[in-house]
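# Tertiary structure, described
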Amino acid sequence: MAALSTDTVPVPINSNNNNQTSNAKNVIETFFCRFTQHDDRRTSAECKLCHKVIWHHKGVTSNYSRHGQRHHKNEFEQWSTSLKQKNDKQNDRKQPKIDEAFNRSTKYGSSHPRQIEITHAIVNDMIIDLGLPLSIIERPAFIRAMNIIDPKYKCTSR
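Counting restarts for each chain: residues are numbered from 1 in the order of the written sequence. Predicted model: local features are reported for residues with pLDDT of at least 70 only, side-chain atom pairs are reported and counted for 80 or more only, and whole-chain, interface and lining totals are derived from all residues. Only hydrogens and water are set aside; all other atoms, that is, all heavy atoms of the structure, feed into the side-chain values.

## Some thoughts on the overall build of the protein chain
Going by this rule: A run of H or I in DSSP becomes a helix once it reaches four residues, and a run of E becomes a strand once it reaches two; helices and strands are each numbered from the N terminus. We call two residues in contact when some of their heavy atoms are within 4.5 Å.
Within the protein chain, the secondary structure is distributed over 6 helices and 3 strands. The contacts in the protein chain between residues at least 6 apart in sequence include a share of 39% that link residues at least 24 apart.

## Looking at the packing of aromatic side chains
Note the threshold: In this scheme Phe, Tyr and Trp rings, the latter by its six-membered ring, pair at centre separations within 6.5 Å, and the angle between planes marks the pair as stacked below 30 degrees, edge-to-face above 60, and tilted otherwise. Only protein chains enter the accessibility calculation, which uses a 1.4 Å probe; a residue is then buried when its area is under 20% of its type maximum, exposed when over 50%, and partly exposed in between.
Applying the stated criterion across every chain, the model contains 5 aromatic pairs. Residues F35 and Y64 carry aromatic rings whose centres are separated by 6.3 Å and whose planes lie at 55 degrees to one another, so their mutual orientation is tilted. Residue F35 is found in strand β1 (residues 32–37), and its partner Y64 is found in helix α2 (residues 62–71); the two are separated by 29 residues along the sequence. You can call Y64 buried: its relative accessible area is 0%. Three or more aromatic residues joined by ring pairs form one cluster here, namely F31, F76 and W79.

## Overview of the side chain of D150
To keep things clear, this is the line we draw: Throughout this description, a polar contact denotes any pair of N or O atoms lying within 3.5 Å of each other; where both atoms belong to protein, one of them has to be capable of donating a hydrogen while the other can accept it, and for residues adjacent in sequence the pair is counted only when both atoms sit in side chains.
Mapped onto the fold, D150 is located in the segment after α6 (140–149). Taking the relative accessible area as the measure of exposure, D150 reaches 8% and is therefore buried. Reaching out from D150, the side chain makes a polar contact with the side chain of R114 at a distance of 3.3 Å.

## A few points about the pattern of salt bridges
Once their charged atoms are close, side chains differing in charge can pair, the charge on each being opposite to the other. Selection criterion: The term salt bridge refers to a pairing of a side-chain nitrogen on Lys or Arg with a carboxyl oxygen on Asp or Glu at a separation within 4 Å.
Within this structure, the stated rule accounts for 4 salt bridges. In this structure, D40 engages R42 in a salt bridge whose closest nitrogen and oxygen atoms are separated by 3.0 Å. Between E117 and R114 there is a salt bridge whose closest N-O contact spans 3.1 Å. Here the residue E117 and the residue R114 both occupy positions in helix α5 (residues 113–129), the gap between them amounting to 3 residues, near one helical turn. What makes E117 partly exposed here is its relative accessible area of 49%.

## Considerations on the confidence of the model for the protein chain
Inclusion rule: Residue-level confidence of the predictor, termed pLDDT, takes values from 0 up to 100.
Here the protein chain averages 76 in pLDDT, while 72% of its residues score no lower than 70. For the protein chain, the element scoring lowest by mean pLDDT is helix α4 (residues 98–103), at 62; α5 scores highest, at 91. Long-range and interchain partners of residues 1–21, a stretch whose pLDDT sits below 50, account for 32 contacts in this model, where long-range means more than four residues apart.

## Some remarks on the state of the cysteines
The line we're drawing: Only a pair of cysteine sulfur atoms within 2.5 Å counts as a disulfide in this structure description.
In total, this model carries 0 disulfides according to the counting rule given. Note on C33: no disulfide assigned, nearest cysteine sulfur contributed by C47 at a separation of 8.2 Å. Under the relative-accessibility criterion, C33 is labelled buried at 5%.

Structural data, given as structure tokens:
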């Protein structure tokens, strides 16, 4: 792999925060030096690897990316892979994966120890020991009381 020189110039690209713009800016900063804006609404930059001058319209960077993809395929693929891994790591920290977001339960599962413990307490202590009717667990007042005691508990039906 050819070594990239450290000669870079600030790249005046539109500063909106979408990935495409930042990736284009990264392509220019990584692979090109001597970025110049010309009066005729064109830009030019010199490739750090082959020293060829690439031209394009102001604000558009596809020629720069295309040059890297066609003429420096290995270096460009290696850079793209590292950029994708970096973006994946940033996205992992910012946002939960879709299956994690939908699997967050606000209630205990039927095999959760706390669910089992409360159910046994209701059956053994309230229904058996106190002699309360089994239908108590379906009454709105009982359900409201259990919701205050433990909001994650799901009342079982008789």
